Amino acid sequence: MQEYEDAPPPADALSESLRGFGYSVETALADIIDNSITARAKNVRVTLSLGGASPFVLVLDDGNGMDEPTLRDAMRLGSQNPLTPRDSADLGRFGLGLKTASFSQARSLTVASKRKKGGIAVRRWDLDYLASNDGEWRLLTTAPEDAVSHLEELEQASHGTVVLWSKLDRVRPRAGHSPQGGSHILMGQIENHLAMVFHRYLEGPQPRLKLYVNGARIEPWDPFLSTHKACRPTPEETLGTGENRIRVKGFVLPAKDMIGDAADFEKAGGNDGWITHQGFYIYRNDRLLVAGGWLGLGVTRPWVRDETHKLARIRIDLPNSADAAWQIDVKKSDASPPENLRNRLRDLAMRVRSDARSVFVHRGEYGKRAAAPNLARPWKAIRIGGQSAYRIDRSHPLASYILQQLNDDDNSVETFLRLVEETVPIERIWIDTVEQGEFPAPAFSGETREQIRQLARDLLASLVNGSGMTAEKARAHLRRMPPFDQHADILDEI
Ligand SMILES: Nc1ncnc2c1ncn2[C@@H]1O[C@H](COP(=O)(O)OP(=O)(O)O)[C@@H](O)[C@H]1O
Ligand SMILES: [Mg+2]
C-alpha cells in the first residue's frame, strides 16, 4: 500500500456546498468590493440588473488588476494561506471571498482583469459546467456569450477588474410595502449596507473611494453622527500590545429631539433600526465588520439590546494582524474579542451605556450639562508617570459639600480621602475579576429597595443643604449620578 493517496474534493460537490456560507447579496457584494479596495481602486461601480431575461450583477473597479497567472490563482479556492502575513492594508484573509461570496448568489462567476499596459485576462467558473465534468476543477477561459458587452468598459480603461455574477438563482426581491415592490427595497438595503460598511473610505473632502450603485454615488453613513454637535464621544483609548493593539472610542448619540428632523433620526438608526444598531462597531482596517451588539459582555448576565441604551455606540479599530485573536470569520461579518480584553471593553461599555441611558431618559433635557457626566462620579482616573491612579473627585457635589463643612484647620477628612486613594485595592479587584473570572457585584446588590430609597433621601438632603440647590434640581442631579442613574424608578418614589 502506498503511503498516501491524493484526495482532492470533487469540484461539483464542493462548489455547491460552498454556496451555503450564509452571505446576503449585500454582504457578498461588500466582500467583492474589499478586493477592489485592496487592489487600490479609487472608483468602484456596481451594476445590478435584476429584472429582464438574464439578470446579472457586475462590479467594475479601476484597481491594479491582474495578469493571466495571477487571475488563475485568484480563481482557485484558498488562493492564499490565511496564515501568510498580509500587507497591513489588505482587506482579505482566507483566499476564499471572491469565490464563496459569488457562488452564494450566482451559478456563474466571470472575472476579467487588466494590468497597466497588459491585455485583458478572463476566467470563469460555471457551476453547471462543473456539474457535467466528473468533479474536475475546469476553469473556463472565456466570458459567457451574453456578457461580452459588459467587458467593454474594461477595454477602454488602462487597468482594473470586472467581476460578473450571472445565472443569479439566489438574488430575490425582499418582502415589504413599497410602491415599487420588493426589488426596490432590496436596492435600498444594498445601498445602505455599502454606505455603512465602507463609510470611512467614502468620507471626507477627498474620499479614498468613490462608490456607485447603478450610477448613483453612495454617500457615507456615519454610525456615530460624529459631526453632530450633540454627539458625545469619549477619548480614544488603545488596548493590547504589538500586533493585537486596538483602538476604542465610545459615542453617546444625540436623542431624538436633539436631532430634530424625524427622517434624519430614522436614518441615523440604520438599516435595522436604533435598537439593533446599538453597541460595538468593529472595524478592521477601517472596514466595518460588526454593526452593533454587546459581544456577550454584561455585568450579571450578557446585556441585550434594549430601548434605553440605544444611543450607545462604541467603535473598535482592529489591524488585520489581530484576525486570529478576534476570530474573524470568512464572511467578515463576525468577530469576537479575546478573553484578555473583555473586562476593559466591558468597563468602557458600562460608562457609555450609563451616559447613553441618561441622555435617553432625559430626552436631551440635560443635554448641555450632561456633557460632563463624569462630574457626577465620585471617582476619577488620572495618569501619574504613565500609570493609572484613582482619585476621589473633590469637585463632586457631595465631596465639596463635606469639605466645605469642615473648619479650615481640620484636615481629618482630606487625610482620610488621601489614605483611601492610596490604598485602592487594585490588585485584589484585578485578581477577582481577571484571574477568578468574577464580575464585581453591581451597585446596590443586596440592598433592599427601602435602603436604596433611604440613601437617595439622605443624598438629596445633602445636595440641597450643600450646594443650596432646589429640591427639584437636586433630584435631577441625582438622576444623572451613578449608580442612581440606573434606578430612576426608585427616585420617582421619593
Ligand atoms: N478586484 C480585484 N483586483 C485585483 N485583484 C483581485 C481582485 N479581486 C480579487 N483579486 C485577487 O484575488 C485574490 C483572491 O481573492 P479572495 O478570494 O477574495 O481572497 P482574499 O481577498 O482573502 O485574498 C486576492 O488575494 C487578489 O489577489
Ligand atoms: Mg477578498
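One can find the structure itself at the top, above this paragraph.
Every value quoted in this text rests on a predicted model; they were computed, and no experiment measured them.

(A) Focus on the overall build of the protein chain. Helix and strand counts for the protein chain stand at 18 helices and 15 strands. Each of the three principal axes of the protein chain carries a C-alpha extent, and together these read 90 × 65 × 40 Å. For the protein chain, the proportion of its 494 residues judged to be buried stands at 47%. Entry remark: accessible area of the protein chain is about 25,300 Å², with carbon and sulfur atoms responsible for 51%.

(B) Expanded view of the pairing of strand β14 (residues 379-384). Bridge analysis of β14 against strand β15 (residues 387-392) gives six bridges, and the strand direction is antiparallel. Bridging across to β15, Arg383 finds its partner in Ser388. Where β14 hands over to β15, the hairpin turn is made up of two residues, of which Gly385 adopts a positive phi near 55 degrees.

(C) The site of ligand 1, seen in detail. Taken together, 17 residues sit near ligand 1, with Asn35, Asp61, Gly95, Leu98 and Lys99 positioned nearest. One of the backbone nitrogen or oxygen atoms of Gly95 is found 2.9 Å away from an oxygen atom of ligand 1. For ligand 1, whose free accessible area comes to 530 Å², the fraction covered by protein is 86%. Of all the elements in the fold, those that place two or more residues in the shell around ligand 1 are α2 (25-38) and α4 (97-105). With three residues, α4 is the single largest residue contributor to the shell around ligand 1. Tallied by class, residues from the shell around ligand 1 come to six nonpolar, seven polar and four charged.

(D) Representation of the environment of Thr70 in the model. Take Thr70: it is sitting in helix α3 (residues 68-75). Judged by its relative accessible area of 30%, Thr70 is partly exposed. Expressed as a C-alpha distance, the spacing of Thr70 and Ser113, which sit 43 residues apart in the sequence, is 9.7 Å. Polar contacts involving the side chain of Thr70 include one to the side chain of Asp67, which spans 2.4 Å.

(E) Broad picture of helix α10 (residues 262-269). Regarding α10, the residues found buried are Phe265, Ala268 and Gly269. Buried residues along α10 cover an arc of 110 degrees about the axis, so they all sit on one side. Exposed residues on α10 whose side chains face more than 90 degrees from its buried face are Ala263, Glu266 and Lys267. Along its buried surface, α10 packs onto α9 (256-259), α11 (273-276) and β13 (312-318). The opening residue of α10 is Asp261, an N-cap whose side-chain oxygen sits 3.2 Å from the backbone nitrogen of Ala263.

(F) Spotlight on the pattern of salt bridges. Taken as a whole and judged by the stated rule, the model has 37 salt bridges. Between Arg418 and Glu422 there is a salt bridge whose closest N-O contact spans 2.5 Å. Note that Arg418 and Glu422 are positioned in helix α14 (residues 412-422) at a spacing of four residues, about one turn of the helix. Taken together, the shared-partner salt bridges connect Arg200, Arg208, Glu236, Arg247, Asp286, Arg315 and Asp317 into one network.

What counts, and where the lines are drawn
Within every chain, residues take consecutive numbers counted from 1 along the sequence as written. Ligands are numbered from 1 and chains lettered from A, in the order in which they are written. The predicted nature of this model means local features are confined to residues of pLDDT at least 70 and side-chain atom pairs, given and counted, to a pLDDT of 80 or more, with totals for whole chains, interfaces and linings taken over all residues. Hydrogens and waters are ignored; side-chain quantities use all the structure's heavy atoms. Labels follow the DSSP assignment, with helices taken as runs of H or I lasting at least four residues and strands as runs of E lasting at least two, numbered in each case from the N terminus. Summary of the burial criterion: residues with accessible area below 20% of their type's maximum are buried, those above 50% are exposed, and those between are partly exposed, where the area comes from a 1.4 Å probe applied to protein chains only. Surface accessibility follows the Shrake-Rupley procedure with a 1.4 Å probe radius. Residue values consider only the protein chains on display as shielding. DSSP bridges decide pairing: two strands pair if at least two such bridges lie between them. Each residue is tested against the molecule or strand, and it is near if at least one of its non-hydrogen atoms lies within 4 Å. N or O atoms within 3.5 Å of each other form a polar contact, as long as, within protein, one can give a hydrogen and the other can take it, and as long as residues adjacent in sequence are counted only when both atoms are side-chain atoms. Note on residue classes: Ala, Val, Leu, Ile, Met, Phe, Trp, Tyr, Cys and Pro are nonpolar, Asp, Glu, Lys and Arg are charged, and everything else, Gly too, is polar. What the arc describes is the spread of directions from the helix axis to the C-beta atoms. Should any heavy atoms of two residues lie within 4.5 Å, those residues are considered in contact. The rule for a salt bridge is simple: a side-chain nitrogen of Lys or Arg has to be within 4 Å of a carboxyl oxygen of Asp or Glu.

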